[in-house]
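Observations on the model geometry
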Amino acid sequence: MSESRAKAMRLADYQQPDFLIPELSLEFELDDHQTQVIATSKIVRQGDHDRPLVLHGEKLELTEVQINGQAVQPQGSDTDLTFASVPDEFTLRIVTRIDPANNTSLEGLYKSGQAFCTQCEAEGFRKITYFLDRPDVMARYQVKITADKARYPYLLSNGNKVDAGELPDGRHWVRWDDPFFKPSYLFALVAGDFDLLEDEFITQSGRKVALQIFVDKGNLHRAGHAMRSLKKAMAWDEQKYGLEYDLDIYMIVAVDFFNMGAMENKGLNLFNSKFVLADAAAATDEDYFNIESVIAHEYFHNWTGNRVTCRDWFQLSLKEGLTVFRDQQFSADMADPAIVRIKQVKVMREHQFAEDAGPMSHPIRPAEVMEMNNFYSVTVYDKGAEVIRMLHTLLGEQGFRRGMDLYISRHDGQAVTCDDFVQAMQDANNVNLELFKRWYSQSGTPVLSVKEQYDQQSGQFTVALHQHTPPTADQPHKQALHLPIALEVLGTHGSKSQVLSLTKESQTFPLGQFETKPQLAVLAGFSAPVKLDFKQDEQGLLNTVLYAQDPFLRWDASQQLISEALHRAAEQGQTVLSDNLQGLFEGVLEFAPEQRALAAEMLELPSFETLAQQRQRIDVDALLNARNALKRLLADRFHPQWQALSASSSQSYIYEADQVQKRRLRAVCLGYLAHRQDQSTLLQSAYTTSDNMTDTLAVLKACQQADHPLFSGLMQDFESRWQADSLVMDKWFALHGSHQHKDSLAKLQLLTSHAMYSINNPNKVRALIGSFAFYNTAGFHALDGGGYRFVTDYLLKLDAVNPQVASRLITPMLGFAHLDDRRQDLLTQQLARLLDNKSLSRDLFEKVSKALKLSS
Ligand code: TRP
Ligand code: ZN
């Protein structure tokens, strides 16, 4: 391992920058392999010191350096450029060359298909030019782009277009000026040929904003939903938070090669095309939902992220946790809030709890980072949003808004910390949030134990709460946290909701007087990101399912009932449909039509990943068998109901709540029906008559999960119909990757040479290999070690192409603490094989070395 790869940065070592760069002019002469970048900056020493100027830079070819017009010779290395002594204030001109066409990391300036584009967050700007590539150095940017006009008619960057011209040799140029100070991670450039969807938005103060969405040629008809989503998000932020857009133009560019979902570059968002393009034939309801939410997320960053940005990358949750919370609020307002909440909680339980339980556990504000890209995590994003949500719960809607107003007005134009945010919340509300701040520094999933007590004599009902956070890989000792615990007491005269504030390890709360022992339901709305340890009998859970006010509580009770039955079945090696379980399904199947959406969520069995997080140790095969067996039992027992509810409607596809609910319930029913052998005709006809991707995919998924004989024929048909459509083919690759079948590994191997597959495209890798590692439980965890070996072999290849994507793909190999010894051994062997690779990226090195430390 090389020295630089092993070195971690610590939050505690933060120091203000030695120099600031208030102005930067960038000139690009675009070329596939020889792009020239001229960076001219104004640099000012900060404070009284004579330390050298050290600029970040990676993979750059330096051709010229001048200070105040005089050539100088700085000291270069692989990662920086050092100027031993410089004036207190000066102009620095640096000319470098880069090779975008060979940049497969998709960080810095690269080519996505025929277009040039950039990705700078977190530390990618240093692959474009030498600079102080840290978010507390904010500059005003002027950008000039020159390129061939025929191939690159659109030349885009941040801010406003101020000038343009043509050159005699067929090239043209455009000059952009961004009036807002911004950190380098928000810089963006795009050059290419696109179809353009245009619209406009009038802000609440009456300013007109031009809206532009750039998509690949031929995709214009798929950009409408994204545009509508953007306008909704703009209106919502004004109405909910009083936040208005600040430039005259807002641009979104959709590209096929992208490491993540999207990027909030000032005035010029870049999107993975998967989160822009949608039409009924090719996109599912879930795609429509995700597009609306990601479009909103990036838009909301304009205030929470861009106008107020992060001081350093340890503070990432300052912008991400808050912006995810805001996009969650928006999604809840746009759709069924209970269903939206259930979706979010599933992410926490399946992925964030797993991260906390593994070698990469970290607080939402990490204290130590080796590779920053590894901390764009479910913890920083989703648990970060849960922490903001708890503040919202504790302060109330208005108190939270007061805090937001103060935060924005106090810090507009600044690069600040998570503490600054909590301080604003505290100051605006006159409350003490000192204890609450511990959520930022402590990792791990607290376990909340609940004991109820009913005094027959006095009728007093009390609840005793106890919190305990088990040690994590990064932190052996844990302290008590501030937990808002929302609960419902269901008595004979209806239910009563309240929020308890748990601030100590143990506390007892009186809940009132009741004639008979009431039913208690805890963690309404998932009011805190904890695991619940509350022993309730099945009858009690059934009561909650049927009578609680909060739909989340009702859903959660149903999931607890089913989960316990599954764990019991796995332990006993025998699955039975108990009376209570039958009662649950009977009850839910009788829900009124308005409750259809909730019913669909309840009828679906908890995922394997969620079940796995509920126990210290799991028996993979037994749990998988139990889950499949229960599905078959339910398929048979409620066969007429599944059939009745799966009847298709004749409405043509629209993305709207009522239709979405119907399709969702239908998909769940098909999922059961496919477990019966006598349903081929029904499934085949559901596939054939479908006019939209949601219903089509529902059939394919049902057949895939039940390993129905129809599956391979339908997949062939689907492929021949969609083989030219990249985004749709990703769905097809994902279905193959997660198909639990004895030949799945061989199939996977074959598909890596499919005409539409490419290791250079992250969407393809995630669809095929990612689905296998994350969701093909039987294949990935196969006892012959073939699944682990396959993923490891692939990671070795992928790491050299795109370390960021490789580093996400390794996640399922890290969470092995709850697996059996045999599988732990197999995984350890494969991880050791990775560590043996001397050119392993810093991204993978950080994760693998931590994982191996944990297990030894
Ligand atoms: N800031 C982006 C968001 O949350 C995500 C992001 C971070 C990203 N790093 C990235 C996107 C690298 C693409 C590539 O919206
Ligand atoms: Zn974000």
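Please refer to the structure higher up on the page.
Structural notes, computed from the coordinates. None of these values were measured; they are calculated from a predicted model. Here the residue numbering is sequential within each chain, running from 1 through the sequence in written order. Labels follow written order: the first chain is A, the first ligand is 1, and so on. Given that the model is predicted, a residue must reach a pLDDT of at least 70 before its local features are reported, and side-chain atom pairs must reach 80 or more before they are shown or counted; all residues, however, enter totals for whole chains, interfaces and linings. The side-chain values count all of the structure's non-hydrogen atoms but skip hydrogen atoms and water molecules.

1. Topic: the overall build of the chain
- Scanning the chain for helices and strands turns up 28 helices and 31 strands.
- In summary, the chain has a C-alpha radius of gyration of 28 Å against a globular reference of 29 Å for 856 residues, a match within 12%.
- Along the three orthogonal principal directions, the C-alpha set of the chain runs to about 90 × 65 × 60 Å.
- Only protein chains enter the calculation, and the probe is 1.4 Å; a residue is then buried if its accessible area is under 20% of its type maximum, exposed if over 50%, and partly exposed in between. Counting all 856 residues of the chain, 58% fall into the buried class.
- Residue pairs at least 24 apart in sequence account for 70% of intrachain contacts in the chain once pairs closer than 6 positions are excluded. By the criteria applied, helices consist of DSSP H or I runs no shorter than four residues and strands consist of E runs no shorter than two, each listed in order from the N terminus. This radius of gyration counts C-alpha atoms alone. The globule rule is 2.2 Å times how many residues there are, raised to the power 0.38. Contact criterion: two residues are considered in contact whenever any of their non-hydrogen atoms come within 4.5 Å of each other.

2. Observations concerning the packing of aromatic side chains
- Pairing of aromatic rings covers Phe, Tyr and Trp, the last through its six-membered ring, and needs centres within 6.5 Å; plane angles under 30 degrees mean stacked, over 60 mean edge-to-face, and all others mean tilted. Enumeration according to the criterion identifies 39 aromatic pairs in this entry.
- With a centroid separation of 6.3 Å and an interplanar angle of 75°, the aromatic rings of Phe 638 and Trp 642 are classed as edge-to-face. A single burial state applies to Phe 638 and to Trp 642, both of which are buried.
- Taken together through their ring pairs, the aromatic side chains of Trp 236, Tyr 241, Tyr 245, Tyr 250, Tyr 299, Phe 300, Phe 325, Phe 330 and Phe 400 make up a single cluster.
- Residue placement shows Arg 311 over the ring face of Tyr 14; its charged tip is 3.6 Å from the ring centre. Distance and angle both matter: a charge sits over a ring if NZ of Lys or CZ of Arg is within 6 Å of the ring centre and within 35 degrees of the ring normal.

3. Quick word on the coordination of the zinc ion (ligand 2)
- Counted as coordinating are nitrogen, oxygen and sulfur atoms within 2.8 Å of the metal, or 3.2 Å for Na, K and Ca, while water is not included, which may make sites look incomplete. Bound to the zinc ion (ligand 2) are the protein donor atoms His 297 (NE2), His 301 (NE2), Glu 320 (OE) and Glu 320 (OE), situated 1.9 to 2.7 Å from the metal.
- All donors to the zinc ion (ligand 2) come from one chain, and their sequence spacing reads H-x3-H-x18-E. Take His 297 and His 301: they sit in the same class, and that class is buried.

4. Points about the sheet that holds strand S10 (residues 108-112)
- Spatially, the 4 strands line up as an open sheet ordered S10-S11-S16-S13, and their pairing is antiparallel. The outermost strands of the open sheet, each flanked by one partner alone, are S10 and strand S13 (154-157). Taken over all neighbouring pairs, the strand axes of this sheet differ in orientation by 20° on average, direction set aside. Strand pairing requires that DSSP identify at least two bridges connecting the strands. In this analysis, axes come from line fits to C-alpha atoms, helices being fitted only over the stretch in contact, and the angle between any two N-to-C directions falls in the range 0 to 180 degrees.

5. Observations concerning the packing of helix H20 (residues 726-737) against helix H22 (residues 762-775)
- Viewed as axis vectors pointing N to C, H20 and H22 meet at an angle of 15°, and their least axial separation amounts to 7 Å. Here H22 runs roughly parallel to H20, going by the angle between their axes. Judged by the twist between their axes, the crossing of H20 over H22 is right-handed. The segment H20 lies against H22, with Ser 726, Leu 727, Asp 730, Phe 733, Ala 734 and Gly 737 engaging Asn 763, Lys 764, Ala 767, Leu 768, Ser 771 and Phe 772.
- Throughout this entry, Asp, Glu, Lys and Arg are counted as charged residues, while Ala, Val, Leu, Ile, Met, Phe, Trp, Tyr, Cys and Pro are counted as nonpolar. The remaining residues, Gly among them, count as polar. Grouping the amino acids of the contact of H20 with H22 by side-chain chemistry returns 6 nonpolar, 4 polar and 2 charged. Should an angle fall under 35 degrees it is called roughly parallel, over 145 degrees roughly antiparallel, and 65 to 115 degrees roughly perpendicular, with every other angle called oblique. Left-handed describes a crossing whose near helix is turned anticlockwise from the far helix through less than a right angle; right-handed describes the clockwise counterpart.

6. Examining the pairing of S10
- Taken across its 5 residues, S10 has 5 buried, putting it largely inside the fold.
- The pairing of S10 with strand S11 (residues 115-119) spans 5 bridges and is antiparallel. Following the sheet pairing, Gly 108 is matched in S11 by Gln 119.
- As consecutive antiparallel partners, S10 and S11 are separated by 2 residues, and within that stretch Gly 113 has a phi angle of approximately 60°, a positive value.

Note that every value here comes from positions in space, so none of it alone points to a role or purpose.
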